Amino acid sequence: MRRIFLSIILSTALWPTGSVLAVDSTPLNCPAIAAKMTYRECGNPPTPVGKAICNTKLRGLDYLPLADGSIIGGYVKALRAAGIGTADCRALLEWHAGYEKQLAACGTNDQCLLKTMERYGHALVKIEDRLQTPLSDAALQRFAGGVWWQSPGEKPTLLLERIRRGLSLYPLPHMALPNGNTLYWGFQPHNATLQSLVIVDRQGTVQLVGAVDGIYLGLPEGKAVPQLEPDAQIALFVRDAQALQQNLPAIRGWAAASILGFNVECNAPGAAARCKAAEAIALPLRAYDLHCPQKVHGKALVNRCPLPLPPVSGEVSPGLFWQ
């Protein structure tokens, strides 16, 4: 279905559909390409297209540069979701190359640039939706159903119920991760400090869930010292320890973004220091193995099955989760 949808978009968007990529036996790695993408800088636009976009007078000086930044951000999200060595990845790269050629053909014609960007932006939103890995309640129930969890100072509760309480937003915010997985998260209504997160792979299979308390907006604007709640915690639950190792950098980045309120774009001027401060906060992280609950007071509490946090390399910027 994804491949058919992309083919329809490519054939109707009026951009070149022929191969614009060199033939290579190495699988195309769209998430890796996304990690290297940069925004056009208007301070010193290096290309004719950049100059044309940055020098436009259409709808105010910043209109097209802002639209261009939004499009590049959407393209990066689609790249992360397209995966490695997939037909979606190749089609998306070819399609974007055709879009850049169409922009170049506009020269300094503001109206041409605007129409090309609007057409591409609208189609890109649809592609992002198609590439989005779904989070189904059935998959969540298969992963966490029947497990009991006891948060410090609270009575034991079904883990599935706790995770659902923290996913009470619609639509759920989500982000494709550099490793190809997708992270969903949410809040409890009227209590944003009670959060849940779920990581699924490209097939929609749940890899990890998390119950998060007391970290949201722990570093508000204008403050230099974090203000996490006294009972702040991030409890992670896996059925395969490898899932913890593979996703821990993204979880740390997500937690820093939550501490910032998901409203800091780390590449923006003046934002880097706040992001670094949030990343430096010692997170109250714990991990548990869902395969080995032990009977306590008639219930199988997963609390009795802690996992050590594995050493991991690499970081995921909290700016990835900027909303």
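Just above, that's the structure.
The structure contained in this document is the topic of the report that follows.

Conventions used here
- Residues numbered from 1 in each chain as written.
- Predicted model: local features only at pLDDT ≥ 70, side-chain atom pairs only at ≥ 80, totals over all residues.
- Heavy atoms only, no water.
- Helix = DSSP H or I, 4+ residues; strand = E, 2+ residues; numbered from the N terminus.
- Contact = heavy atoms within 4.5 Å.
- Buried < 20%, exposed > 50% of the residue type's maximum accessible area, 1.4 Å probe, protein only.
- Arc of directions from axis to C-beta.
- Axes fitted to C-alpha atoms, helices over the stretch in contact; angles between N-to-C directions.
- Parallel < 35°, antiparallel > 145°, perpendicular 65-115°, else oblique.
- Left-handed = near helix turned anticlockwise from the far one by under 90°.
- Nonpolar A, V, L, I, M, F, W, Y, C, P; charged D, E, K, R; others polar.
- Salt bridge = Lys/Arg side-chain N within 4 Å of Asp/Glu carboxyl O.
- Polar contact = N/O pair within 3.5 Å; in protein donor to acceptor, adjacent residues only side chain to side chain.

### Description of the side chain of Thr182
Looking at the secondary structure, you find Thr182 in strand β4 (residues 182-188). Apart from the residues lying within four places of it in its own chain, the contact partners of Thr182 are Thr133, His174, Met175, Ala176, Val198, Ile199 and Val200.

### Some details on helix α7 (residues 137-144)
Every buried residue of α7 is accounted for by Ala139, Leu140, Phe143 and Ala144. The arc enclosing the buried residues of α7, seen along the axis, measures out at 110°, which places them on a common side. On its buried face, α7 is in contact with α8 (159-165), β5 (191-200), β6 (206-213) and β7 (233-238). The first or second residue beyond α7 is Gly146, which carries a positive phi of 85°.

### Details of the packing of helix α4 (residues 63-82) against helix α6 (residues 110-131)
The packing of two helices is summarised by the inter-axis angle and the distance between the axes. Viewed as axis vectors pointing N to C, α4 and α6 meet at an angle of 30°, and their least axial separation amounts to 9 Å. Comparing their axes, α6 and α4 come out roughly parallel. Both α4 and α6 take part in a crossing whose hand is left-handed. Contact residues: Tyr63, Leu64, Ala67, Asp68, Ile71, Gly74, Tyr75, Lys77, Ala78, Ala81 and Ala82 in α4; Asp110, Leu113, Leu114, Met117, Glu118, Tyr120, Gly121, Leu124, Glu128 and Leu131 in α6. Its residues assigned to classes, the contact of α4 with α6 comprises 14 nonpolar, two polar and five charged.

### Section: the pattern of salt bridges
Taken as a whole and assessed by the stated rule, the structure comprises four salt bridges. Residue Asp68 is joined to Arg40 by a salt bridge in which the shortest nitrogen-to-oxygen separation is 2.9 Å. Note that Asp68 is positioned in helix α4 and Arg40 in the loop between α2 (30-36) and α3 (48-54), a separation of 28 residues in sequence. Overall, the relative accessible area of 3% leaves Asp68 in the buried class. The shortest N-O distance in the salt bridge between Glu100 and Arg40 comes to 3.2 Å. Of this pair, Glu100 sits in helix α5 (residues 87-106) while Arg40 sits in the loop between α2 and α3, and the two are 60 residues apart along the sequence.

### Some points on the environment of Cys112
Relative to the helices and strands, Cys112 is located in helix α6. Using a relative accessible area of 25% as the deciding quantity, one classes Cys112 as partly exposed. Once the C-alpha coordinates of Cys112 and Gln102 are considered, the two residues, ten residues apart in sequence, prove to be 9.2 Å apart.

### Notes on the side chain of Gln207
Along the polypeptide, Gln207 turns up in strand β6. Among the polar contacts listed, one links the side chain of Gln207 to the side chain of Asp201, at a separation of 3.2 Å. Among all residues touching Gln207, those that are not within four sequence positions of it are Phe143, Asn181, Ile199, Val200, Asp201, Val238, Ala243 and Asn247.

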